[in-house]
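Below, each chain spelled out in residue letters.
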Amino acid sequence: MSRSVRLVFAGGAVAASMLATPAMAQDQSIQRVEITGSSIKRASAETASPVQVISREDLAKSGKGTVSEYLQTLTSDGAGSLPTGFGNGFAAGSTAISLRGLGATSTLVLLNGRRMAPFARADDGTKTFTDLSTIPMEAVERIEVLKDGASSTYGADAVAGVVNVILRKDLVGGIVKGTYGASKYSDNEQGKASVTWGTGSLDSDRFNVLLNAEFYNNNELLNKDRNNRAWIGAADLRPYGYSLTGSQFLAGDIRGGVAGANPVGAIRDPKTLAYTYLPGCSSLTPSVQVANNGCVWGQDQFRSMQPEIKGHNLYARGTFNVNDDHQIYAEAGYSKRDTHFTLIPPSVTPTVVSPTTVTSWGTIMTIGATHPQNPFGAAARIRYSAFDVGASTRYANNEFKRFVLGAKGTIAGWDYDTGITYSDSALDLTYTNMLNMKNLQQALNNPASPLFPYYIGAQASKNPQSLYDAIRYTARSHSTTSLATIDFKASRELMDLPGGKLGLAWGVEHRHEKVSNPSLSGTEDGTINASYVSTFGNSKVDAIFAELAAPVMKGVEINAAVRYDKYDNFNSTTPKLGVKWTPTKTFALRGTYSEGFRAPGPAENSPLSQSAGSAPVSDPIRCPGGKPAAGGATTADCSITVAGVKVGNPNLQPEKSKGYTLGMVWDPFNGTSLTIDAFKLKRSNEINQVAFAEAAALPGAVRSDNNLVQNGVTVPNSGTLLVINAPYRNANYTEIKGVDTDIKQRFQLGDMGRATLGLTWTHISSWLRVDSTRSFQYAGTHGNCDTSNCAGTPKDKVNMTASWDKGDWNVTGTLNYRAHMKNVGEASDTSCANTFADGTPAPFGCRLASFSTFDLSARYNVTKQLSLQGSIANLFDKVAPLDPLTYGGMSYNPMDASGAIGRYFKGSVTYKF
């Protein structure tokens with residue numbers, strides 16, 4: 001860690017020298033402000049804790065349309081964040097940030113310094129988080145990102161950090177804005193309109209009322225809409241050197257002697273165990289023709305790349321100065337977001353997990369002996385993808401409400417702020433074209449059933465509508481979360497110390513959170529082709545905290561804080577210590593130590609909670625050492641997507657964390673600023689399901705019956721891996737080390753205006769997870785694939801900005817870069833996660849290429865009231881690198897979504913009145 005600091009300090013000094021410019025006058029005005037992570041107001045915005053401040057102007061210059069879009073470009077965001085396009089995930093329809101790659105549940109998101117009710121469905125069935133989509137972009141004043149781990153002010157569960165979104169409070173006048181965007185392909189159109197209006201001056205009128213409304217509509221983008229953009233959205237990767245089984249989004253072929261789900265139907269001969277495909281493949285689908293290997297088709301015919309989204313955000317705030325010492329305020333927010341994804345048609349042989357059983361329909365679903373399409377005269381197994389039923393669609397309609405009533409002011413020298421906050425989230429999920437498995441079984445097998453026979457494939461037109469009414473199922477669920485909070489905090493200056501006044505703050509908080517996330521209808525007893533996912537919980541937390549800011553001598557300030565949290569079954573005391581030494585006005589050293597504590601959530605410790613997720617693993621039985629085993633295994637077994645069953649464990653203990661930062665703040669020249677902070681974060685007693693890679697080797701794994709046959713002997717329990725048991729447990733720890741660097745340089749250009757250069761760089765030197773049996777190093781690799789969408793952990797992420805202002809013009813360019821990643825699940829893997837058809841490591845010698853894009857925006861103020869803005873995302877139309885491993889994007893990494901969508905144009909008109 002110290003070596004990394006020395007290297008970065010040296011590099012930062014060189015960079016600062018290169019950026020040196022003539023002197024620029026600095027703003028000398030002093031205003032006492034409250035910075036995220038501390039309750040003590042101070043004159044300096046630089047604290048002992050590293051805080052990244054994003055202004056309203058930064059948001060406007062970026063060209064991003066939502067808070068989540070912008071935050072997911074931060075270099076500190078990592079694996080586990082939820083992009084808009086991840087429609088096949090648990091929490092589809094939401095967006096989230098994951099600081100340090102620790103998952104969205106370890107990042108505390110605040111609105112105006114207070115918590116919000118979490119999204120009503122946990123990601124991966126376990127991880128509760130705040131949905132960023134509910135925050136109105138046009139009402140944002142600034143965003144402060146605290147990056148030093150747990151906060152003793154807001155709650156010890158902020159293990160990875162805090163994102164505090166602060167909305168506008170005192171606008172007088174109005175702003176109307178309209179935005180329209182489309183890709184270079186004239187699709188994925190986005191429209192947005194907003195109105196922000198405020199009246200009343202707090203200084204002269206003693207009141208202010210602020211109202212904001214924004215409405216938006218984003219059109220759906222399908223993967224097949226990018227079939228001319230190299231490999232983007234492609235299911236068939238054979239043109240790029242991969243094998244049939246190396247393309248995870250192809251289906252229908254025969255692998256390991258088993259046919260895949262396909263649109264014509266494949267029936268297994270009960271005697272020879274060989275599959276016979278029914279005719280009609282080419283007439284039913286633009287299939288991928290493969291000689292002697294069935295009816296192969298690509299999921300890109302159906303799946304969405306970006307969903308259709310319609311929604312609106314409403315926000316109101318009223319502030320009234322009772323007198324010079326007291327103020328009351330109220331906030332109200334409402335958000336509605338309707339999201340629609342298109343997925344693939346259902347298979348008649350899914351593996352389904354219910355609360356009591358795991359049902360592998362692949363081994364029990366048959367087509368009856370007397371079925372007209374059965375050529376064998378005996379009941380036979382079937383493989384079929386029900387194209388005639390239609391593509392499945394997911395509708396995720398979310399409503400969010402939030403109310404705050406508070407007061408702030410001064411009493412006897414104490415600055416106080418207190419409030420009552422209530423927020424709730426309601427999510428309605430609707431999954432169409434699901435299958436009623438029991439009715440389907442009757443329709444295929446039972447001559448006495450009025451549903452028999454169900455014709456499949458090319459003969460499906462013979463089926464009456466009444467049959468489809470019986471086998472189609474629309475699954476629904478209604479989930480809710482709520483959070484009620486009462487809080488009070490106060491601060492003041494006390495006695496004089498050699499360096500200034502001693503500051504003290506203290507506060508108390510009570511919150512009550514409820515979660516009710518029933519599973520989709522029909523999953524309770526395995527009726528439909530979907531697994532059971534539910535979360536239920538009810539928790540109360542009481543907390544008290546205190547904080548000191550002690551300038552013990554000139555230039556030296558010590559911050560100390562402690563928080564006590566009392567949960568239903570647990571309690572914690574978490575301290576934090578920060579030191580800042582400012583030997584000169586232009587240079588400071590700083591460091592922090594903090595502890596965190598996260599009690600098990602309702603999805604993790606309630607026996608009523610259960611979920612089944614999926615992720616790719618290498619089957620240790622059928623692919624030992626990364627090579628397909630003899631006797632029927634294929635390369636598909638080396639990267640197979642399996643379901644993992646997770647059930648709440650009431651014996652779980654809380655997670656604990658320790659975080660360290662050490663850095664400097666340096667302004668070597670007028671107009672130049674440099675901050676460098678090394679960090680180390682260790683989360684122990686970690687709550688995780690058993691890693692999928694480990695669980696795949698456990699004896700409880702469910703397998704198909706296509707066992708390996710070696711030397712004429714059948715190897716028992718060696719069939720294709722279907723389901724693994726991945727229970728929750730308190731694993732050992734995760735430890736992350738790295739360095740954040742932030743450099744800004746301002747230029748005064750005389751008659752040419754002014755310019756600003758900025759660089760933000762996060763380097764991850766180590767991302768280590770250690771469990772009971774082994775350690776996993778994910779830094780620079782494609783893992784952790786147990787985290788949402790298998791996006792990987794690049795060692796370096798960089799944002800560089802260049803902005804020029806002259807008169808009524810502003811032009812800003814932003815370069816976004818992520819480093820390459822080794823295409824392995826974790827660093828010690830001896831074999832590549834993917835191979836080309838000839839067996840060589842893929843891609844590019846087992847290395848996912850780095851990726852960078854350049855965004856350009858420009859603004860022109862036509863008058864004081866009217867301004868025009870345009871932006872081009874991915875200006876040079878860079879194509880995202882081919883990624884055969886991730887399941888978050890089809891053949892591209894979800895982090896590189898702009899390279900999949902292509903060059904994107906956006907224009908807006910803003911009028912102030």
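### Thoughts on the packing of aromatic side chains
Note on aromatic pairs: each is described by the distance of the centres and the angle between the planes.
Now for step 1: Counting across every chain of the model gives 17 aromatic pairs.
Now for step 2: With a centroid separation of 5.2 Å and an interplanar angle of 85°, the aromatic rings of F302 and F387 are classed as edge-to-face. Here the residue F302 occupies a position in the loop between β15 (297-298) and β16 (304-306), and F387 occupies one in the loop between β22 (380-383) and β23 (393-411), the gap between them amounting to 85 residues.
Now for step 3: Note on F302: relative accessible area 18%, which makes it buried.
Now for step 4: Classification of F387 as buried rests on a relative accessible area of 18%.
Now for step 5: Taken together, a centroid distance of 6.2 Å and an interplanar angle of 10° make the contact between F776 and Y778 stacked.
Now for step 6: Residue classification places Y778 among the buried residues on the basis of a relative accessible area of 5%.
Now for step 7: Taken together, the ring pairs in this structure connect W297, F302 and F387 into an aromatic cluster.
Now for step 8: The residue whose ring lies beneath R100 is F679, and the NZ or CZ to ring-centre distance is 3.7 Å.
Now for step 9: When the ring centre of Y733 is taken as reference, the NZ or CZ atom of K682 above it lies at 4.3 Å.

### A few points about the sheet that holds strand β14 (residues 275-277)
Now for step 1: With antiparallel pairing, 4 strands are arranged side by side in an open sheet as β14-β13-β22-β21. A strand with exactly one partner marks an edge of an open sheet, and here the two such strands are β14 and β21 (366-367).
Now for step 2: Note: β21 against β22, 2 bridges, orientation antiparallel. By the bridge assignment, T366 is partnered in β22 with R381.

### Quick word on the state of the cysteines
Now for step 1: Counted according to the given criterion, the structure contains 4 disulfides.
Now for step 2: Between the sulfur of C832 and that of C846 lies a disulfide, 2.2 Å long from S to S. Between C832 and C846 the disulfide shows an S-S torsion of about 105°. By sign, it is right-handed. On the criterion of sequence distance, the pair formed by C832 in the loop between β46 (821-822) and β47 (834-835) and C846 in the loop between β48 (841-842) and β49 (847-848) is long-range, its members being 14 residues apart.
Now for step 3: With relative accessibility at 8%, the residue C846 sits in the buried group.
Now for step 4: Each disulfide in the protein chain links cysteines that, numbered along the sequence, combine into the pattern 1-2, 3-4, 5-6, 7-8.

### Focus on the sheet that holds strand β1 (residues 51-55)
Now for step 1: Ordered in space as β1-β4-β5-β2-β3, the 5 strands form an open sheet in which the pairing is mixed. The open sheet has two free edges, formed respectively by β1 and β3 (114-115), since each of these has just one partner strand.
Now for step 2: Inspection of the sheet shows strand β2 (residues 107-111) paired to β3 by 2 bridges, in the antiparallel sense. Bridge pairing links L110 to R115 in β3.

### Some points on the pattern of salt bridges
Now for step 1: Going through the model one piece at a time under the given rule, you end up with 45 salt bridges.
Now for step 2: The partner of E604 in a salt bridge is R598, with the nearest N and O atoms 2.9 Å apart. Note on accessibility: E604 and R598 belong to one class, buried.
Now for step 3: Among the ionic contacts, a cluster of salt bridges with common partners joins E57, K61, D805 and R859.

### What about helix α6 (residues 437-445)?
Now for step 1: Listed as buried for α6 are M437, L440, A443 and L444. The buried side chains of α6 occupy one side of the element, clustering within an arc of 120° when seen end-on.
Now for step 2: In this structure, the buried residues of α6 make contact with α5 (361-364), β21, β24 (414-435) and α7 (465-471).
Now for step 3: Between the side-chain oxygen of the N-cap and the backbone nitrogen of K438 there are 3.3 Å, and the N-cap of α6 in question is N436.

### Section: the pairing of strand β39 (residues 721-725)
Now for step 1: Across the 5 residues that make up β39, a large majority, 4, are buried.
Now for step 2: Sheet topology note: the strand β32 (residues 640-647)/β39 ladder contains 3 bridges and is parallel. The residue bridging V645 from the neighbouring strand is N725, located in β39.
Now for step 3: Two elements, strand β36 (residues 702-703) and β39, share 2 bridges in a ladder whose sense is antiparallel. For R703, the partnering residue across the bridge sits in β39 and is L721.

The rules behind these values
- Residues numbered from 1 in each chain as written.
- Predicted model: local features only at pLDDT ≥ 70, side-chain atom pairs only at ≥ 80, totals over all residues.
- Heavy atoms only, no water.
- Phe/Tyr/Trp six-rings, centres within 6.5 Å; stacked < 30°, edge-to-face > 60°.
- Helix = DSSP H or I, 4+ residues; strand = E, 2+ residues; numbered from the N terminus.
- Buried < 20%, exposed > 50% of the residue type's maximum accessible area, 1.4 Å probe, protein only.
- Lys NZ or Arg CZ within 6 Å of the ring centre and 35° of its normal.
- Pairing = 2+ DSSP bridges.
- Disulfide = S-S within 2.5 Å.
- Salt bridge = Lys/Arg side-chain N within 4 Å of Asp/Glu carboxyl O.
- Arc of directions from axis to C-beta.
- Contact = heavy atoms within 4.5 Å.
- Polar contact = N/O pair within 3.5 Å; in protein donor to acceptor, adjacent residues only side chain to side chain.

By themselves, these observations are geometric and do not establish any function.
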